[in-house]
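Letter by letter, the chains look like this.
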Amino acid sequence: MGKSKSAYSEPGKLGKSENHIIVVWVDNEAGVLARVVGLFSGRGYNIESLAVAEVDKKKHISRITIVTSGTPQVIEQIKLQLTKLIPVHKVADFKRNDPNILFKELALFKVVSSKKNREKARKVCKKYNSIILDKSKNSFVIQVTALRRDIDKLIETLNPLGLVSASRTGAVAMTRGSEIFK
Amino acid sequence: MGKLFSGAEIVFKVLEHHKVEHIFGYPGGAVLPIYDELKNHKTIKHILARHEQGAGHAAEGYARSSGKPGVMLVTSGPGATNAVTALTDAYMDSVPIVCISGQVPTHLIGTDAFQECDTTGITRPCTKHNWLVKDVKDLAAVMDRAFEVATTGRPGPVLVDIPKDIQFKKTEFVLKNKKKKQVNGKLNGKVSNTEIDKVVNMMKKSSRPIFYTGGGVINSGPEASKLLRELVALTGFPITSTLQGLGAYPGDDPLFLGMLGMHGTYEANNAMYSCDLMINIGARFDDRITGKVDEFSPKSKKIHVDIDPSSIGKNIKVDLPVVSDVESFLKALNKRFKEKNKDFLNSNKSNISTWWKDIDKWRQKKSLSFKNSKEVIKPQYAVQRLYELSKDKDVYITTEVGQHQMWAAQHYKFNKPNRWMTSGGLGTMGYGLPAAVGVQVANPGKLVIDIAGEASVLMTMQEMSTAVQYKLPIKIFILNNQYMGMVRQWQELLHEKNYSESYTAALPNFVKLAEAYGCIGIQAKKPDELDEKINEMINVNKPVIFDCLVDPMENCFPMIPSGKPHNQMLLGPEDEKEEVSDEGKTLV
C-alpha cells in the first residue's frame, strides 16, 4: 500500500476502458446541452465527439450523440446519471464495435496545393462517398462521410497533400434493421 | 378572458397551492415585487435570515425536521451566489428545497447588469433541476413542477429564477392537473414479488447478516422507520446506520450496533467487514462508510435498495439491486416475510447465534469509551450529559461539522426519525445554527439544540439575530476546544503535529456575544458544574449560546485511518501511538 497522507482512500483497481456511443433524446430547451455536457465535465467523464440537433420539430426533441470512453462501471454511471436529468427522455448506449449499429461522421476538407497533389487527394477520398463542393484555381472543398477512425486516417493522408482546413460533425449513430431504440 | 395576475401573485398562488406556511429569505432589488406581494398572503410567514446561506440551511432544517419541502427566496447576483452552499448541501444530503431567486429584467440579461449573475448556470450542478422563466405564462407551471421535482424520487433542491419584469407582468392563472410524470430515474417504485423472494431467500441462507441503513429511510417518511423496526424485530438481525440514518432505528436498542464508518463503532465496522449478507436500505456506500473500496466487506453478498438507480453500483458492486422507495420496499418485504416465514425469529436463532457472539465480542471493546477527567470537561462527557438531561423530551439535534459532530453522532442516542439534522455529504461548517432556526420554526415548543464547534458556529453566527427576532429558543451548545478540532486531529495524525492555521486565536467571548444578540449566554468550565448549567440552558425559554470549554487536545475515536478497511480501526490514543511509531505513516 502506498503512503497515504490524505483523509481520502487511495484509488482502487481500474477496469478496462471501452469505447461507447451514447445517444440521448432530450427536450430542446434552453440550457439542455449545458446540462448534458456539464454532467460529463463535472463527473470527470470523457467526450471524444458530440453531435446534436433537433430531430422532431413538433415535440421539440433533440438527439445528442456522444462518443465516450470509460470502464463498464463508468459507462453505466453515465447512462444512469443522464437518465436522471429532467429534460432527458431516453438514453441508448452502444459499443463502438457493435455490428448492429451504423456509425457515420461527415467531414469537410479544404485542400490547397498543386494540381498533382489535389488529384491524389481526390483519389484517397473517393471511397468515402466524396463530393466536391467547391473548386478554385488551386483548391477544392470536399465532403466525405465515413467512420471516425477512417476520417482520422484521411486527415493524416491529406496533410502532406495540402490539407489546410478540416471540419467534422462528430459521429452519429443508428441501429440496423427495422428495430428502433425504445 | 379571466382575471389577470402578476408574476409575483402567481408565485404566491402556487406556494399556497402547495400549502407552504414558511419561507426563508432575504430581500433585494430584483425580488422586490415578490416581497411587495407578501403582505397579501397571511397564511405564508416569511423568516428574514441574516445571510442567504443561513436562509438556505434554515430551509433545510425545516424540511428535514418536518418532511415538507423548505422554501427560500433570494435576490439576484450575490443573493443567489450566497445560496449556492446551502443548495449544494441540500443536493448532497437529498433535502427537498425550492429556491426562488430574483433576476435582472429579461432585456438586461447578459449585459453584466447590476447584481446580475448567471444563476441557472451557477446552480445547474447543485440542483436537481432549475428554470429561468422568460415568459410569465410559463410561471405557474414551472413553479408547480419545481415542487414536484424537489419532492419526488430522491428529494433535492430546485431553483426557479424569475426576472424582475416577469414578476410584474400579468397573465391568467391556470394550474393544470396534469398526469404525474415519474421523475428521477423515471422508474416506478413497485417492487415485484420475484425480487422480494430473492431478498427473502438470501436472508434465509445467511448466517452473518447485517442491515446497513441510511438517510433514505428517513426521507421515505416516518412509516418507513416503523416498518424497519418491524423488519428487524421479525428477523433478529443486527442493524447499523449511517450518519444520516440515525433515528430511523432506536439508538438504545440491543440489536443496534451504532453508527458505522470512519468514526463508527468497532462492532458496526467489524460486522460490516465480516458479514456474509449486507442489506443496504437507503444508503449510498459513501467513501466515509466504505473506506478502502477494494477491501470493503469482501465476503458478503450485497443487496442495495435505493430510489435512485444511479446510486446503485456507483461505488460498490452489488449482487441484488432493488430500485425502490424504502417504505414500499419494506411494506412488501415485511408482508411477504410474515406470510411465508412464520416464526423465523426463533427458528433462525441458532443459525445466527455465532454471529451474535462475534458481535458481542467486538462490543466488549467498548469503542466509544474515553478517559474521563475531573479537572477538564471531556467533549464526549459533555454530549453524554446533554443526552441524559434532555432525553425525556422530544429533542431535535442539529450539528455543525467536525469532531463535535462525530461525538454527537456517537453519544447522543436517537429514537425517532427527523430528529437529527447534520451536514453529511457536503460537510458544511456553519450548517447547524441556521438549521436549528428552521427546525424551531417547523417545531414550535420543542427543544432544539445545535451541538456545535466554536469554529463552525462562527461561520453563521449572524443567524442568532434571526432566532431572537422570531423568538426561537434554540440552544447553541458549543464544544469549545479553540481548534478546528478535526483539522487539528488530522494534522496530529498525518502531518507531524504541524497545526497549521487550525488554532483560533482571538475567539469572541461567547457569553457577551450572546448578550449582544439579546439572548442568554452560559459558560461551563468544570465537569462538576456541567449538569446544573445544562439544566439551566434547557429550562430557559430563550435562545442560548452555551460555551462549554472542553479538552482542546481530545481526539475523536474510534476511527478508520485513511486507506484502511473496516477491520483495522484505531480505538484510541494508545492504538494510535503504537501503530504510528511502529510502522510509520503508511498506516494513517
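Predicted model, so just to flag it, every value in this text is computed and none were measured. (Residues numbered from 1 in each chain as written. Chains lettered and ligands numbered in written order. Predicted model: local features only at pLDDT ≥ 70, side-chain atom pairs only at ≥ 80, totals over all residues. Heavy atoms only, no water.)

### A word on the overall build of chain B
The line we're drawing: The helix count covers DSSP runs of H or I at least four residues long, the strand count covers runs of E at least two residues long, and both are numbered beginning at the N terminus. It is over C-alpha atoms that the radius of gyration is taken, and the globule rule equals 2.2 Å times the number of residues to the power 0.38. Think of it in three bands: residues with accessible area under 20% of the maximum for their type are buried, residues over 50% are exposed, and the middle band is partly exposed, with areas taken using a 1.4 Å probe on protein chains only. In this description, contact between two residues means that some pair of their heavy atoms is separated by no more than 4.5 Å. Each accessible area is a Shrake-Rupley estimate made with a 1.4 Å probe; only the visible protein chains count as cover when residues are assessed. Only four residue types enter the tally: Lys and Arg on the positive side, Asp and Glu on the negative side; His and the chain ends are excluded. Charge positions come from single atoms, namely NZ of Lys, CZ of Arg, CG of Asp or CD of Glu.
Counting its regular elements, chain B contains 24 helices and 20 strands. A compact globule built from 588 residues should have a C-alpha radius of gyration of about 25 Å, and chain B, at 25 Å, falls within 12% of that. Dimensions along the principal axes, computed over C-alpha positions, put chain B at roughly 75 × 60 × 45 Å. Each of the 588 residues in chain B was classed as buried or not, and the buried ones make up 60%. Expressed as a percentage of contacts within chain B between residues at least 6 apart in sequence, the contacts between residues at least 24 apart total 76%. For chain B, the accessible surface area stands at approximately 22700 Å², while carbon and sulfur atoms represent 52% of it. Side-chain charges of chain B comprise 73 positive and 67 negative groups, with the mean position of each set lying 6 Å from the other.

### With respect to the overall build of chain A
On a plain count of helices and strands, chain A comes out with four helices and nine strands. Listing the helices and strands of chain A from first to last along the sequence gives β-α-β-β-α-β-β-α-β-β-α-β-β. Its C-alpha atoms give chain A a radius of gyration of 20 Å, more than 25% over the compact-globule value 16 Å for 182 residues. Its C-alpha atoms put chain A at 65 × 55 × 35 Å along the principal axes. A burial count over chain A gives 39% of its 182 residues as buried.

### Brief notes about the pattern of salt bridges
Residues and elements named next belong to chain B. Heads up, the rule is: For salt bridges, the criterion is a side-chain nitrogen of Lys or Arg within 4 Å of an Asp or Glu carboxyl oxygen.
Considering all chains together, one arrives at 33 salt bridges over all chains under this definition. The closest approach of N and O atoms between Glu148 and Arg145, which form a salt bridge, is 3.6 Å. Of this pair, Glu148 and Arg145 both sit in helix 6 (residues 136-151), three residues apart, roughly one helical turn. Using a relative accessible area of 9% as the deciding quantity, one classes Glu148 as buried.

### Focus: a nonpolar patch on the surface
All names here are of chain A. Using the following cut-off: In this analysis, a patch consists of residues with relative accessible area above 30% that form no salt bridge, clustered at 9 Å for like charges and at 5 Å for the nonpolar side chains Val, Leu, Ile, Met, Phe, Trp and Tyr.
A contiguous nonpolar surface patch, about 240 Å² in accessible area, is contributed by Leu108, Ile131 and Leu133. In this fold, Leu108 is placed in strand 5 (residues 101-112). Residue Leu108 is classed as partly exposed on the basis of its relative accessible area of 31%.

### Observations concerning the nonpolar core
The tendency in soluble globular proteins is for nonpolar side chains to be buried as a group. Residues and elements named next belong to chain B. Rules: The nonpolar core is taken to be a set of buried Ala, Val, Leu, Ile, Met, Phe, Trp, Tyr and Cys residues, with the residues joined through side-chain atoms within 4.5 Å.
Judged by nonpolar contacts, the single largest core of 98 residues is most densely connected at Met203, Ile281, Phe329 and Phe477. The contacts of Ile281, once residues within four sequence positions are left out, are Phe211, Tyr212, Thr213, Gly214, Val217, Leu228, Leu231, Val305, Val326, Phe329 and Leu330. Core analysis: the next-biggest nonpolar cluster, separate from the first, contains 43 residues, Ala90, Val95, Ala435 and Val439 among them.

### Focus on the confidence of the model for chain B
Residue and element names in this part refer to chain B. Selection criterion: As a per-residue measure, pLDDT tells how confident the predictor is, with possible values from 0 to 100.
Per-residue confidence for chain B gives a mean pLDDT of 94, with 96% of residues at or over 70. Predicted confidence is poor over residues 578-588, with pLDDT under 50, and the contacts of this stretch with residues over four places away or in other chains come to 19 contacts. For this predicted complex, the interface confidence comes out at an ipTM of 0.90, alongside a pTM of 0.94.

### A closer look at helix 23 (residues 530-539) of chain B
Residues and elements named next belong to chain B. Operational definition: This arc describes the spread of directions from the helix axis toward the C-beta atoms.
Of the positions making up helix 23, those classed as buried are Leu530, Ile534, Met537 and Ile538. Looking down the long axis of helix 23, one finds its buried residues gathered within 95 degrees of arc, a one-sided arrangement. Helix 23 presents Glu532 and Asn539 as exposed residues on the side facing more than 90 degrees away from its buried surface. Lining the buried residues of helix 23 we find helix 16 (379-390), strand 17 (447-453), strand 18 (475-480), strand 19 (520-524) and strand 20 (544-549).

### Section: the sheet that holds strand 7 (residues 157-163) of chain B
Residues and elements named next belong to chain B. Keep this limit in mind: Pairing between strands is defined by DSSP: at least two bridges between them are needed. Interaxial angle, 0 to 180 degrees, is taken between N-to-C directions of lines fitted to C-alpha atoms, where a helix line uses only the stretch in contact.
Read across the open sheet, the six strands follow the order 3-2-4-5-7-6; overall the sheet is parallel. Each of the sheet's edge strands pairs with one partner strand only, and the pair in question is strand 3 (45-48) and strand 6 (129-132). Each strand axis lies, on average, 20 degrees off the axis of its neighbour in the sheet, ignoring direction. In this structure, strand 6 lies alongside strand 7, joined through four bridges in parallel fashion. Bridging from a neighbouring strand, Asn130 pairs with Leu159 of strand 7.

### Points about the interface of chain B and chain A
Put simply, the test is: The term buried area means the drop in 1.4 Å probe accessible area that two parts suffer when joined, counted for both and summed. Under the rule applied, a polar contact is a pair of N or O atoms within 3.5 Å (in protein, one hydrogen donor and one hydrogen acceptor; residues adjacent in sequence only if both atoms are side-chain atoms). Here the term charged refers only to Asp, Glu, Lys and Arg, the term nonpolar to Ala, Val, Leu, Ile, Met, Phe, Trp, Tyr, Cys and Pro, and the term polar to all other amino acids, Gly among them.
Chain B puts 34 residues into the contact, and the matching count from chain A is 24 residues. Note on chain B versus chain A: buried area summed over both sides is about 2500 Å², and carbon and sulfur give 51% of it. Viewed at the interface, chain A and chain B are joined by one salt bridge. Salt-bridge contacts for Asp308 of chain B lead to Lys84 of chain A; the nearest nitrogen and oxygen are separated by 2.8 Å. Linking chain B to chain A there are six residue pairs in polar contact (both at pLDDT 80 or more). For the side of chain B that touches chain A, the secondary-structure elements that each account for two or more residues are strand 6, helix 6, helix 12 (287-290) and helix 21 (485-494) of chain B. Broken down by class, the residue content of the side of chain B that touches chain A amounts to eight nonpolar, 12 polar and 14 charged.

### Here we look at the environment of Gly427 of chain B
Considering the arrangement of structural elements, one finds Gly427 of chain B in the loop between strand 16 (420-421) and helix 18 (432-442). Through-space distance from the C-alpha of Gly427 of chain B to that of Asp144 of chain B is 30 Å; in sequence the pair is 283 residues apart.

### Thoughts on the domain arrangement of chain B
All names here are of chain B. The condition that has to hold: For each domain, the first and last residues come from an automatic or database assignment.
Here chain B is partitioned into domain 1 (4-172), domain 2 (187-363) and domain 3 (379-549). The gap between the C-alpha centroids of domain 2 and domain 3 is 31 Å. Listed as interface residues are 16 residues of domain 2 and, on the opposing side, 19 residues of domain 3. At the boundary of domain 2 with domain 3, total buried surface from both sides reaches about 1400 Å², with 59% on carbon and sulfur atoms. When the buried area of domain 2 at its contact with domain 3 is split by residue, Leu243, Leu246 and His263 rank highest and sum to 39% of it. Linking domain 2 with domain 3 are zero salt bridges. The tally of links between domain 2 and domain 3 comes to five residue pairs in polar contact (both at pLDDT 80 or more). Counting residues per element, the side of domain 2 that touches domain 3 draws most heavily on helix 10 (residues 222-235), at three residues.

### Topic: empty space enclosed by the protein
Rules: Buriedness of a pocket was judged along seven lines, with at least five required to meet protein on both sides within 12 Å; pockets are open sets of points on a 1 Å grid over the protein atoms alone, cavities are sets where a 1.4 Å probe fits but cannot get out, and lining residues have an atom within 4 Å of a point. Grid points are joined across faces, edges and corners, and a volume is the space filled by probe spheres set on the points.
One pass over the structure, following the stated rule, counts one cavity of 30 Å³ or more. Of the voids in this model, the largest cavity is the one considered here, and its volume is about 80 Å³.

### Examining the environment of Ala7 of chain A
Looking at the secondary structure, you find Ala7 of chain A in the segment before strand 1 (18-27). Not counting residues up to four positions away in its chain, the partners in contact with Ala7 of chain A are Met262, Arg288, Trp490, Leu494 and Ser562 of chain B.

### Focus on the pairing of strand 13 (residues 301-306) of chain B
Residue and element names in this part refer to chain B. For strand 13, the tally of buried residues reaches five of six residues, placing the bulk of the element in the interior. Where strand 12 (residues 277-281) and strand 13 come together, five bridges link them in parallel fashion. Bridge pairing in strand 13 places Leu277 opposite Lys301. In this sheet, strand 14 (residues 320-323) lies alongside strand 13 in parallel orientation, the contact comprising four bridges. Bridging across to strand 14, Ile303 finds its partner in Leu320.

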